[in-house]
Every structure is written in structure tokens, then in C-alpha cells.
Amino acid sequence: MLPRFGRRAALAAAAAILLSQLPGAAYAQNFDRPVRIIVPFAPGGTSDILARLISPKLSAAIGQSVVIENKPGASGNLGADTVAKATPDGTTLLLTDLGSLTTAPSLFSNLTYSLEKDLAPVTMVMFGPYVLAVHESIPVKTAAELIAYAKANPGKLAVANSGVGGANHITAVVMQKELGIQFKHVPYKGGAAATRAVVAGESGALINGASATLPFVNNKQLIGLAVTGENRVPSAPDVPTFKEAKLPGGEFGTWQGIVVASGTPPAVIARLNAEIGKILETPEIKAKIAEQGGEVRAGSTDAMATWLKDSTKRWGDIIREAGIKGE
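Values in this document were obtained by computation on a predicted structure and should not be read as measured data.

Novice: For this particular structure, what's the right way to read the side chain of Q64?
Specialist: Assignment of secondary structure puts Q64 in the loop between α3 (46–62) and β2 (66–70). Within the local environment of Q64, its side chain forms a polar contact with the backbone oxygen of F31, the two atoms lying 2.8 Å apart. Those residues within four positions of Q64 in sequence are excluded, and the remaining contacts are F31, D32, R33, P34 and S59.

In C-alpha cells:
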């Protein structure tokens, strides 16, 4: 099981106060130019939705404009590289599905940045379940029927994902292995593009973040078969969990978080951690994230660093065993 994060906003705030008493902390109290949030996927996906929720409140908190820049490409690596090479002053943030970051070292031999050396954690943002959904043209209404369909039609069902090696792609690979079925994996440039492709009938099914996918399920444009996570999603109570549907991979999901360039002063990171933590704990933001099936998971930078290290190893083991190669 992936580790769960408690609510550590108060601790983060205390850390920021402590750091404010250290030399150089005055810099942390003032941002002297606008902040960019780099989203390494196209507009409309989970990371983009979260960035647009957070940015107005972060702008008010730091007294600077906060702009969102979508830099899709290379399975999220284009945006990650942009942040890794940015000036390490806390004004360029990467908000992303951390699955992309932690799978990249095992997928791509020619990465132009190092997760370990070039990026520093700021805070977790959210855990969101994945939704397994199909286009209405696929003759299934339940997960059991989907399995039967896939067994009867090996390699026929086109399952969309947000990019080769992303956590949703790997979830489908795990399902394929454990259930003895074969999918046709179809990568797109982000979860929003994958969802649109299935809505249009270009691909038959997908596993994707609830924030970007459930609106189409609730609007009857897709058929929801199951959700990952421990519980059903309140905004889609009729969709069973993976466990209820007897599917493997129920512990997987989209873990969203924020990182900055390594070398960013600790006091700056502490302030960002504290301000974003307070934003995420506001009733308004918590409610909006819950409406989309997510759970706020703000926490300390140390906890996030441990999660990134453990997940890089875990995903790497799965990728190597499955023989997945990045494109």
C-alpha cells in the first residue's frame, strides 16, 4: 500500500516560523516577481485543475501574480525539465502527477534532469483515485464483463492512458498481468486528452484520475466500472471500488504534488509549504477537491521526499519486470 499522509499544515507553519528566525529568512517572506506554476500536461487534466484552484489563493498569500503554464510533452518530462533548470528561488513550481516523476528514471535513459539531484519537494497536494471507464460502444456494464470481453478479444480493447509509463498505464499493466488478459495500450499527451479520446470513441476504455474523468461518467458520456482507493467516491456512489469489483491495483491512484528546483533556499520552500498547506485546508478547496473524488494530502517536505524515494523504487521494480520502455 502507498503511505498515507496526515494533515501536517500546522507543523509546516511552525517550521516556517522557525526558519523565519534564521539568516536569509527575510528573503523567504517576500516574492519579488511573479510565480509560475508549470503543469506538464495539457489543460483539463487533474494537475491543471488543481493548479487553477490553488493559484488565486497563492497569489493573495504572497502578494504576487501566479500564472499557470501548460508544457505538455515527453510524458511530463518537458515540464519537469523546465522547472529543474529554472532559477532556484521558488518562483517556478511544478505541479504534477508524481507518478510521472517517479517512473521517469526507470523509463527513460536520456532524461535531461535528475529527480534526485535537480528537483526538491515542496508539498503533497492530493490523492485522487483512478476511474476505470469505457465508451458506450464497448458491450460491458461491469468490471467482470470487461474482463470477460478482454479474455474473449485479446489485444482488441484499446485502453487510453496519459503517457507511457505513467501510473495509470502501469495500473493497466498490473491488471493485465494479474487477470491474464491483454490490452492495447494507447498513450496520449495527458489525462484530459486520453479522456476526450474515449468520449469520442477513438479508444474504448481508460484508467485515469477521477477529477478529469468523473464529470464524463456523471454526464453519461462514459460508463464508470470501478474506482481505486479504499472507498467509493461520494460524487459517484454507484461506481464500486476495485476491491469490490475484484480487480487488482486498487491501491493505485494519482498522487499530485509540487516541487521546485534544487538549491531553492529552505526558508522559501518552508513558506511555500506553509502557504499551500493553509490553502488546501480551507473548507472551500477541500470541498472542491472532494467533489472531484480527491482527498487533500498536504504534508511536510520530509514526508514527501521519503514518498518520492520509495515510489521511485517501487514503480521501477514493476516497470523492469513488465519490460515497459519509454518513448
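Novice: Would you mind going over helix α10 (residues 210–218) with me for this structure?
Specialist: At 3.6 residues per turn, the α-helix brings residues three or four places apart onto the same side. For α10, the full list of buried residues reads A210, S211, A212, T213, L214 and V217. On its buried face, α10 sits against α3, β4 (119–134), α9 (191–199), β7 (205–209) and β8 (223–227). K220, located one to two residues past α10, shows a positive phi value of around 65 degrees.

Novice: How do you make sense of the pairing of β8 when you look at a structure like this?
Specialist: Every regular strand shows the same layout, with side chains that alternate between the two sheet faces. Counting buried residues in β8 gives five out of five residues, a clear majority hidden from the surface. Sheet topology places β4 next to β8; four bridges connect them, and they run antiparallel. Within the sheet, the bridge partner assigned to V134 lies in β8 and is I223.

Novice: Help me understand the packing of helix α8 (residues 167–179) against helix α13 (residues 301–322) in this model?
Specialist: Angle between the axes and distance between the axes: these two values describe a pair of packed helices. Relative orientation of the contacting elements α8 and α13 amounts to 55 degrees, with a least axis distance of 11 Å. On the basis of the axis angle, α8 is oblique to α13. Read as a crossing pair, α8 and α13 show a hand that is left-handed. For the pair formed by α8 and α13, the contact residues are A167, I170, V173, V174 and K177 on the first element and W315, I318, I319, E321 and A322 on the second. Grouping the amino acids of the contact of α8 with α13 by side-chain chemistry returns eight nonpolar, no polar and two charged.

Novice: Before we go on, may I ask you to explain empty space enclosed by the protein in this structure?
Specialist: Left-over empty space is what a probe sized like a water molecule reveals as it rolls over the atoms. Using the criterion set out here, one finds four cavities of 30 Å³ or more in the structure. Of the voids in this model, the largest cavity is the one considered here, and its volume is about 160 Å³. The wall of the largest cavity is formed by 19 residues, among which T46, D97, G191, N208 and Q256 lie closest to the centre. Counting residues per element, the ones that place at least two in the lining of the largest cavity are α3, α9, β7 and β9 (253–261). Of all the elements, α3 adds the most residues to the lining of the largest cavity, at three residues.

Novice: Help me understand the packing of aromatic side chains in this model?
Specialist: Between two aromatic rings, the relevant description is the distance of the centres plus the angle of the planes. This model, assessed by the stated rule, comprises three aromatic pairs. Ring geometry for F127 versus W255: centroids 4.9 Å apart, planes at 55 degrees, classification tilted. Separated by 128 residues along the polypeptide, F127 in strand β4 and W255 in strand β9 bring together distant segments of the chain. On the basis of relative accessibility, which here comes to 7%, the residue F127 falls in the buried class. Between W255 and W307, the ring centres sit 5.5 Å apart and the planes meet at 40 degrees, which makes this aromatic pair tilted.

Novice: Would you mind going over the nonpolar core with me for this structure?
Specialist: Side chains of nonpolar character tend, in soluble globular proteins, to be buried together. L101 and L247 are the most contacted members of the largest nonpolar core, which has 55 residues in total. Broken down by element, the residue count for this core peaks at seven residues, all from α8. Other than its neighbours up to four places away in sequence, L247 contacts L132, A143, I147, M175, L179, A226 and F242.

Novice: What is the right way to read the layout of surface pockets from this model?
Specialist: Within this model, the largest pocket holds a volume of roughly 290 Å³. Considering the residues around the largest pocket, the lining is formed by P105, S114, L115, E116, L119, A120, P121, A305, L308, K309 and T312. If you list the elements that add at least two residues to the lining of the largest pocket, you get α6 (115–118), β4 and α13. Sort the elements by how many residues they give to the lining of the largest pocket and α13 lands first, with four residues. For the lining of the largest pocket, the class distribution of residues is seven nonpolar, two polar and two charged.

Novice: So what exactly am I meant to see when it comes to the pattern of salt bridges here?
Specialist: A side chain with one charge can pair with a side chain of the opposite charge if their charged atoms come near. Scanning the model with the defined rule gives 15 salt bridges in all. Between K288 and E284 there is a salt bridge; the shortest N-O distance is 3.2 Å. Within this pair, K288 and its partner E284 are both found in helix α12 (residues 283–291), separated by four residues, close to a single helical turn. Since its relative accessible area comes to 32%, K288 is described here as partly exposed. The structure contains a network of salt bridges with shared partners spanning K57, E284 and K288.

Novice: Looking at this structure, I do not really get unusual backbone geometry. What am I missing?
Specialist: Trans peptide bonds make up most of the peptide bonds, and negative phi angles are found at most residues other than glycine. Here A74, not a glycine, exhibits a phi torsion of approximately 55 degrees, which is positive. Looking at where A74 falls in the secondary structure, it is placed in the loop between β2 and α4 (77–84). In this model, S75 sits at a positive phi of 55 degrees, which is unusual for a non-glycine residue. Its place among the elements puts S75 in the loop between β2 and α4. Residue class for S75 comes out partly exposed when judged on its relative accessible area of 22%.

Novice: What exactly am I supposed to notice about helix α11 (residues 266–280) here?
Specialist: Between the first and last C-alpha of α11 there are 21 Å, a value that for 15 residues agrees with the 21 Å anticipated at 1.5 Å per step. The element α11 is largely enclosed, with a buried count of 13 among its 15 residues.

Definitions and cut-offs
- Numbers given to residues run from 1 along each chain, matching the order in which its sequence is written.
- Given that this is a predicted model, residues contribute local features only at a pLDDT of at least 70 and side-chain atom pairs are listed and counted only at 80 or more, while totals for whole chains, interfaces and linings are drawn from all residues.
- Values shown for side chains rest on all heavy atoms present in the structure; no hydrogens or waters enter the calculation.
- Put simply, DSSP H or I for four residues or longer makes a helix, DSSP E for two residues or longer makes a strand, and each gets a number counted from the N terminus.
- Here a polar contact means two N or O atoms within 3.5 Å. Within protein one must be a hydrogen donor candidate and the other an acceptor candidate, and residues neighboring in sequence count only if both atoms are side-chain atoms.
- A contact between two residues is defined here by any heavy atoms of the two lying within 4.5 Å.
- Each residue's exposure class comes from its accessible area (1.4 Å probe, protein chains only) as a fraction of the maximum for that residue type: buried when under 20%, exposed when over 50%, partly exposed otherwise.
- Pairing between strands is defined by DSSP: at least two bridges between them are needed.
- Fitted lines through C-alpha atoms give the axes, limited to the stretch in contact for helices. The angle between two N-to-C directions lies from 0 to 180 degrees.
- Relative orientations are named as follows: roughly parallel for angles under 35 degrees, roughly antiparallel for angles over 145 degrees, roughly perpendicular for angles from 65 to 115 degrees, and oblique for any other angle.
- Take the far helix as your reference; a near helix turned counterclockwise from it by less than a right angle gives a left-handed crossing, and one turned clockwise gives a right-handed crossing.
- Put simply, Ala, Val, Leu, Ile, Met, Phe, Trp, Tyr, Cys and Pro go in the nonpolar bin, Asp, Glu, Lys and Arg in the charged bin, and everything else, Gly too, in the polar bin.
- Definitions used throughout: a 1 Å grid over protein atoms alone; a cavity as a set of points that fits a 1.4 Å probe which cannot get out; a pocket as an open set with protein on both sides within 12 Å along at least five of seven lines; a lining residue as one with an atom within 4 Å of a point.
- Grid points are joined across faces, edges and corners, and a volume is the space filled by probe spheres set on the points.
- Centres within 6.5 Å make a pair out of two Phe, Tyr or Trp rings, where for Trp the six-membered ring is used; the pair is then stacked when the planes are under 30 degrees apart, edge-to-face when over 60, and tilted otherwise.
- Within this scheme, the nonpolar core is defined by two criteria: the residues are buried Ala, Val, Leu, Ile, Met, Phe, Trp, Tyr or Cys, and they are joined through side-chain atoms within 4.5 Å.
- The term salt bridge refers to a pairing of a side-chain nitrogen on Lys or Arg with a carboxyl oxygen on Asp or Glu at a separation within 4 Å.
- Multiplying 1.5 Å by the helix residue count minus one yields the expected span of that helix.

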